[in-house]
Number of protein chains: 2
Amino acid sequence: MQILPSLSTLAPTLRQRREKLAQRVDFPAILWSGQPSPRNFPKNLYPFRASSHFIYFAGIQLPDAAIALDRGQLHLFADEAPPSNTLWHGETPSRSEIAAAIGADAHYPKTELRSRLAEAATLPASDRLTQLEQADFLGRSVVPVADLPPEHRDRQLAEAIVSLRLIHDLSAIADLRQAAACTVEAHYAGMHATAHATTEAKVRAAMEGAILARNFTCAYNSIVTVRGEILHNESYANPLNSDDLILADVGAETPTGWAADVTRTWPVSGRFSATQRDLYELVRLAHDACIAKIAPGVEYREVHLLAAEIIAEGLVNLGILRGKPEDLVAMDAHALFFPHGVGHLLGLDVHDLEDLGDLAGYATGRVRSDRFGLGYLRLDRPLQPGMLVTVEPGFYQVPAILNDPERRSRYGEVVNWDRLSRFQDVRGIRIEDDVLITENGSEILTDALPVEAAAIEQIVRQ
Amino acid sequence: MQILPSLSTLAPTLRQRREKLAQRVDFPAILWSGQPSPRNFPKNLYPFRASSHFIYFAGIQLPDAAIALDRGQLHLFADEAPPSNTLWHGETPSRSEIAAAIGADAHYPKTELRSRLAEAATLPASDRLTQLEQADFLGRSVVPVADLPPEHRDRQLAEAIVSLRLIHDLSAIADLRQAAACTVEAHYAGMHATAHATTEAKVRAAMEGAILARNFTCAYNSIVTVRGEILHNESYANPLNSDDLILADVGAETPTGWAADVTRTWPVSGRFSATQRDLYELVRLAHDACIAKIAPGVEYREVHLLAAEIIAEGLVNLGILRGKPEDLVAMDAHALFFPHGVGHLLGLDVHDLEDLGDLAGYATGRVRSDRFGLGYLRLDRPLQPGMLVTVEPGFYQVPAILNDPERRSRYGEVVNWDRLSRFQDVRGIRIEDDVLITENGSEILTDALPVEAAAIEQIVRQ
Ligand SMILES: [Mn+2]
Ligand SMILES: [Mn+2]
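Quick caveat: nothing in here was measured; it's all calculated off a predicted structure. (Residues numbered from 1 in each chain as written. Chains lettered and ligands numbered in written order. Predicted model: local features only at pLDDT ≥ 70, side-chain atom pairs only at ≥ 80, totals over all residues. Heavy atoms only, no water.)

Further remarks concern the overall build of chain A. Summing up its helical and strand segments, chain A has 15 helices and 16 strands in all. Structurally, chain A occupies a C-alpha span of about 70 × 50 × 45 Å along its principal axes. A separation threshold of at least 6 residues defines the contact pool for chain A, and within that pool the share at least 24 residues apart is 72%. For chain A, the computed accessible surface area is about 17300 Å², with 50% contributed by carbon and sulfur atoms. (Helix = DSSP H or I, 4+ residues; strand = E, 2+ residues; numbered from the N terminus. Contact = heavy atoms within 4.5 Å. Areas by Shrake-Rupley, 256 points an atom, 1.4 Å probe, with all protein chains shown as cover.)

In structure tokens form, the structure reads like this:
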């Protein structure tokens, strides 16, 4: 059953968005919503998520639909549900009701799309079935925009949409606040559940349960693990031991599609060990300093480098690294323990606009570094009011990095391996918040969730 | 991170399965596991679920792999994870470790598959990307087997696999028991959560939370609704009112891929109204009688018709229908209130083997009826020991059926519309259990969950 959003606020927002698009491109654009993806057989479908570009301009998660955007006009192309649909799925809004809700200027059956496509630009859908339909309808190949020359219309459309979606409007920010609030609840639920949980799965269940209880979804596959050094660990099978840290990277998505992305790390026992506390407080120091630095005009790359410097300096103070922090960062020694970027754009996608490659993440003319300590940075732009970014420094002991013979020889002198061995009870720590760039500085959307070690311990022990 | 199942039990089971297949087909078969499906951008994936046919013979949920089955031999085709994988996903088993775990006779990189494909049969994968790869590798189209003539190898393979997967072996039954046990826990959790829940979403969260807490997944999108008359309602937005019934159709799937499928209906208040109790007890009567009838040799169609007769008779006794029950069933009057089939096959898929159309559900030579009261029946076969079926009679007031002018005129005489209007607080009731056919009769795998109205009320009020 398709739920229509509230009419009063949505349609004017969508009108503004397409008028802004019309200021940037003078050719028509067609955006497909996508098809549901089957799980194990054709009628057992994953929960449908519409394309983020479609949602941005159409406001709803309507499967098997398309919109044409042209000079500020919105035309909706969708087929009416067959009458038998009512038996299985209940009353669904008619196309004209949907069109009215989203402020469409016209609406047609989907087949009518074929006659409107000449010269239209588009962006590739996520699902393969829709990609095939796009190529079929347009009579040309539709490829990732990163592979297209600057003069290609699809690429020009992508750049125009990036310039809009980079800067969140008030409607988006209202939804992003809801995603953040729900995510904060989920993390509280996870910390509270820890005392009685025996496995990672039970903590994850409490966290995702809090998201489902609000009728939100998960914006991405949760990471809830005592093996935080496995950066994309999506298994939840490990038992919890009393000296483990739990790293939980869990974010909610509103029914309208807007995401949050938050990580906390806490001790299973409710008490950090001395070594865990030392490294936790170091990551927190980097987290706080990075957020304090965020403001319009600041280069996000500098935020990343600030995290790297603070971590390098902290590791020197703890006797784990040897040398001057700036030299250590220059030789990427920080990346032995902090091998990823300090964050990324956040919006409708948890890595916002990443379907367009680095078009959104990297300012025009910039490309990814081949440096070990910079190459994983997803965002390299000056920050502007209305952008939402994550700040997520971390410390990890990744065997694949630390036991790599080449790195061990390259960094043999600057790492005190003997001292490091005393920190074996720290596998992975990350602290991640969602930070909105404002006119004067920044606002942490997720600051209802504490970061101080003592506050975290208290929540876990409650 | 790919978790390997326990070696000792899996490999002999898989060997038995492929030896049985070899007794049925004398040509090679290639089965693909499938590719993960993207959600909103290419790197944000839905949780991967391998093809059920692949799981049945390979035992593991390995993405982007294929197996060749030939005269009892199993060859595994998969690429090793790239070294960078270790950084993000941790240590993963090598292909040779996987091959050993599943008892493969040989293992190769995936590209080697191209040289083995001549004359091989296959079955279409669920995801479109793999379907394209199948057609590309085989150099021919791969279409749903329902569209193929009997002499086509793909169809012969499908029939052979149906004959195996219809009758669950001991290993499958052990896993199906685990799915059933987890599902029972989820339903207890949902009933217990109701007293403090204000929305459908909160009850759903408690139920799915119980499944996640065991590290199981949902076998299908849950139905948890006060609008049980919407048969495939996947929205959870309604508030709970004290006179509502909650219909919850929620089933767990083990990490190894085996499913359960259970429905209970309970009063939000913990107390059925008199009208709700009358109809609940009628559905329960049908449920119990159908299960009592299940035994080897019984035609499942007769189980369906028994449910129809009991419901027709009960509705006559309640004054809702007029006439003789057998006449009412003959004219499909029961289907005004019980418009679906009494159940289906259950196994790796919640509607087991439904990717093959009705090949598994309908015995050779049988086709779906065009009768309103029979056409939705998913299973029409004599029952055999080792089959697992659901039994799920129901009563619903579906506006699309009851307000349909044609039906209102056809059934105008046999329905007492005035009497029916007194049962307005009953929108939908379904009671569903998972029943294994045994040598002597049947066993309810989900009988740890009560069905009696009084017992249900007591759980909700606890
Ligand atoms: Mn993040
Ligand atoms: Mn069922």
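Quick look at the coordination of the manganese ion (ligand 1) now. Around a metal, the perfect tetrahedron of four donors has angles of 109.5 degrees, and the perfect octahedron of six donors has angles of 90 or 180 degrees. All names here are of chain A. Summarising the metal site, the manganese ion (ligand 1) is bound by the protein donors D261 (OD), H344 (NE2), E392 (OE) and E432 (OE), whose distances to it range over 2.0 to 2.4 Å. Mapped onto the sequence, the donors of the manganese ion (ligand 1) take the spacing D-x82-H-x47-E-x39-E. One end of the pair, H344, is in the loop between α11 (325-330) and β12 (388-391); the other, E392, is in the loop between β12 and β13 (394-396), with 48 residues separating them in the sequence. We classify H344 as buried; its relative accessible area is 4%. In this structure E392 comes out as buried when scored by relative accessible area, which is 8%. (Donors = N, O, S within 2.8 Å, 3.2 Å for Na, K, Ca; no water. Buried < 20%, exposed > 50% of the residue type's maximum accessible area, 1.4 Å probe, protein only.)

Before going further, it helps to examine the relation of the copies chain B and chain A. In this arrangement, two copies of a chain are superimposed by a rotation about an axis accompanied by a shift along the axis. The transformation that overlays chain B on chain A combines an axial shift of 0.0 Å with a rotation of 180°, and the residual RMSD is 0.0 Å. One copy is carried onto the other by what is essentially a two-fold rotation axis. Across chain B, the rotation axis passes nearest the C-alpha of G209 of chain B, at a separation of 2.6 Å. Both copies contact each other with a shared surface, as 100% of the interface residues of chain B are interface residues in chain A too. (Least-squares fit on C-alpha atoms with pLDDT ≥ 70 in both.)

Taken together, the 60 residues of chain B in the interface contact 60 residues of chain A. Taking both sides of the interface into account, the surface hidden between chain B and chain A amounts to around 5200 Å²; carbon and sulfur atoms contribute 59%. Per-residue buried area on chain B facing chain A is highest for R39, L87 and W88 of chain B; these three make up 15% of the total on that side. Note that E253 of chain B and R39 of chain A form a salt bridge whose closest N and O atoms lie 2.9 Å from each other. Where chain B packs against chain A, one counts 16 residue pairs in polar contact (both at pLDDT 80 or more). (Buried area = accessible area lost by both parts, 1.4 Å probe. Salt bridge = Lys/Arg side-chain N within 4 Å of Asp/Glu carboxyl O. Polar contact = N/O pair within 3.5 Å; in protein donor to acceptor, adjacent residues only side chain to side chain.)

The next subject is the packing of helix α5 (residues 128-138) of chain A against helix α5 (residues 128-138) of chain B. Taken N-terminus to C-terminus, the directions of α5 of chain A and α5 of chain B make an angle of 70°; their axes are 8 Å apart at the nearest point. Classified by the angle their axes make, α5 of chain A and α5 of chain B are roughly perpendicular. From α5 of chain A, R128, L129 and L132 of chain A reach across to α5 of chain B, where they touch R128, L129 and L132 of chain B. When its residues are assigned to classes, the contact of α5 of chain A with α5 of chain B shows four nonpolar, no polar and two charged. (Axes fitted to C-alpha atoms, helices over the stretch in contact; angles between N-to-C directions. Parallel < 35°, antiparallel > 145°, perpendicular 65-115°, else oblique. Nonpolar A, V, L, I, M, F, W, Y, C, P; charged D, E, K, R; others polar.)

Right, let's get into unusual backbone geometry. Positioned with a positive phi, D64 of chain A is a non-glycine residue whose angle comes to about 55°. Tracing the sequence through the fold places D64 of chain A in the loop between α2 (52-58) and β4 (66-70).

Residue and element names in this part refer to chain A. In terms of domain boundaries, chain A breaks down into domain 1 (4-165) and domain 2 (170-461). The straight-line distance from the C-alpha centre of domain 1 to that of domain 2 is 34 Å. Contacts between the two partners involve 15 residues from domain 1, matched on the other side by 16 residues from domain 2. Carbon and sulfur atoms make up 60% of the surface buried where domain 1 meets domain 2, a total of about 1300 Å² over both sides. Of all residues in domain 1, the largest losses of buried area upon contact with domain 2 belong to R49, V162 and R165, amounting jointly to 36% of the total for that side. Applying the counting criterion to the domain 1 and domain 2 interface returns three salt bridges. For the salt bridge of E253 with R49, the shortest nitrogen-to-oxygen distance reads 2.8 Å. (Domains from an automatic or database assignment.)

At this site the manganese ion (ligand 2) is bound by D261 of chain B (OD), H344 of chain B (NE2), E392 of chain B (OE) and E432 of chain B (OE), with donor distances of 2.0 to 2.4 Å. Of note, the manganese ion (ligand 2) draws all its donor residues from one chain, in the sequence arrangement D-x82-H-x47-E-x39-E.

Turning to a nonpolar patch on the surface, a few remarks are in order. Together, L129 and L132 of chain A together with L129 and L132 of chain B make up a nonpolar patch on the protein surface, roughly 290 Å² of accessible area in all. Elements represented by at least two residues in the nonpolar patch include exactly α5 of chain A together with α5 of chain B. Note that L129 of chain A resides in helix α5. (Patch = residues over 30% accessible without salt bridge, like charges linked within 9 Å, V, L, I, M, F, W, Y side chains within 5 Å.)

Pairing between side chains of opposite charge can happen when the charged atoms of each approach one another. All names here are of chain A. Tallied over the entire structure, the rule returns 64 salt bridges over all chains. As a salt-bridge pair, R284 and E281 come within 2.8 Å of each other at their nearest N and O atoms. Separated by three residues within a single helix, R284 and E281 lie in helix α9 (residues 274-293), roughly one turn from each other. Close ionic contact of R284 with D288 constitutes a salt bridge, the shortest N to O distance being 2.8 Å. Residue R284 and its partner D288 are located together in helix α9, separated by four residues, close to a single helical turn. In this structure D288 comes out as partly exposed when scored by relative accessible area, which is 29%. Among the ionic contacts, a cluster of salt bridges with common partners joins E299, R301, R366 and D380.

Inspection of the secondary structure assignment puts E229 of chain A in the loop between β8 (223-225) and β9 (245-250). Within polar-contact distance, the side chain of E229 of chain A engages the side chain of R427 of chain A at 2.8 Å. Setting aside residues no more than four positions away along its own chain, E229 of chain A makes contact with Y396, Q397, V398, P399, R427 and G428 of chain A together with L87 of chain B.

Next up on the list: the pairing of strand β4 (residues 66-70) of chain B. All names here are of chain B. β4 sits mainly inside the fold: four of its five residues count as buried. Pairing geometry for strand β1 (residues 29-32) and β4, over four bridges, is antiparallel. Its bridge partner lying in β4, L31 is registered against I67. In textbook terms, the turn of a hairpin is the stretch between consecutive antiparallel strands, and for β4 and strand β5 (residues 73-77) this stretch comprises two residues, one of which, R71, has a positive phi near 50°. (Pairing = 2+ DSSP bridges.)

Right, let's get into the sheet that holds strand β9 (residues 245-250) of chain B. All names here are of chain B. The antiparallel open sheet is built from three strands, whose spatial order is β8-β9-β11. Edge positions in the sheet fall to β8 (223-225) and β11 (262-267), since each of these pairs with one other strand and no more. Taking each pair of neighbouring strands and ignoring which way they run, the sheet shows an average axis angle of 10°. As defined by bridge partners, β8 adjoins β9 across three bridges and the pair is classed as antiparallel. Residue pairing for β9: V224 is matched across the bridge by A248. On top of the sheet, helix α7 (residues 170-194) reaches β9 and β11; it is set at about 15° to β11, its chief contact.

On to the UniProt feature "domain: Aminopeptidase P N-terminal" (unreviewed entry) in chain A, then. In the numbering adopted here, UniProt assigns the feature "domain: Aminopeptidase P N-terminal" (unreviewed entry) to residues 10-136 of chain A. Taken end to end, residues 10-136 of chain A comprises 35% helix and 18% strand; its first and last C-alpha atoms sit 32 Å apart. (UniProt positions renumbered as here; feature names shortened; annotations may be inferred.)

Residue and element names in this part refer to chain A. Strand order in the open sheet formed by four strands is β1-β4-β5-β6, with mixed pairing between adjacent strands. Looking along the sheet, the strands with just one partner apiece sit at the ends: β1 (29-32) and β6 (106-108). Mean inter-strand twist for the sheet, computed between neighbouring axes without regard to direction, equals 20°. Both strand β5 (residues 73-77) and β6 contribute to a ladder of three bridges, which runs parallel. Bridge pairing in β6 places H75 opposite A106.

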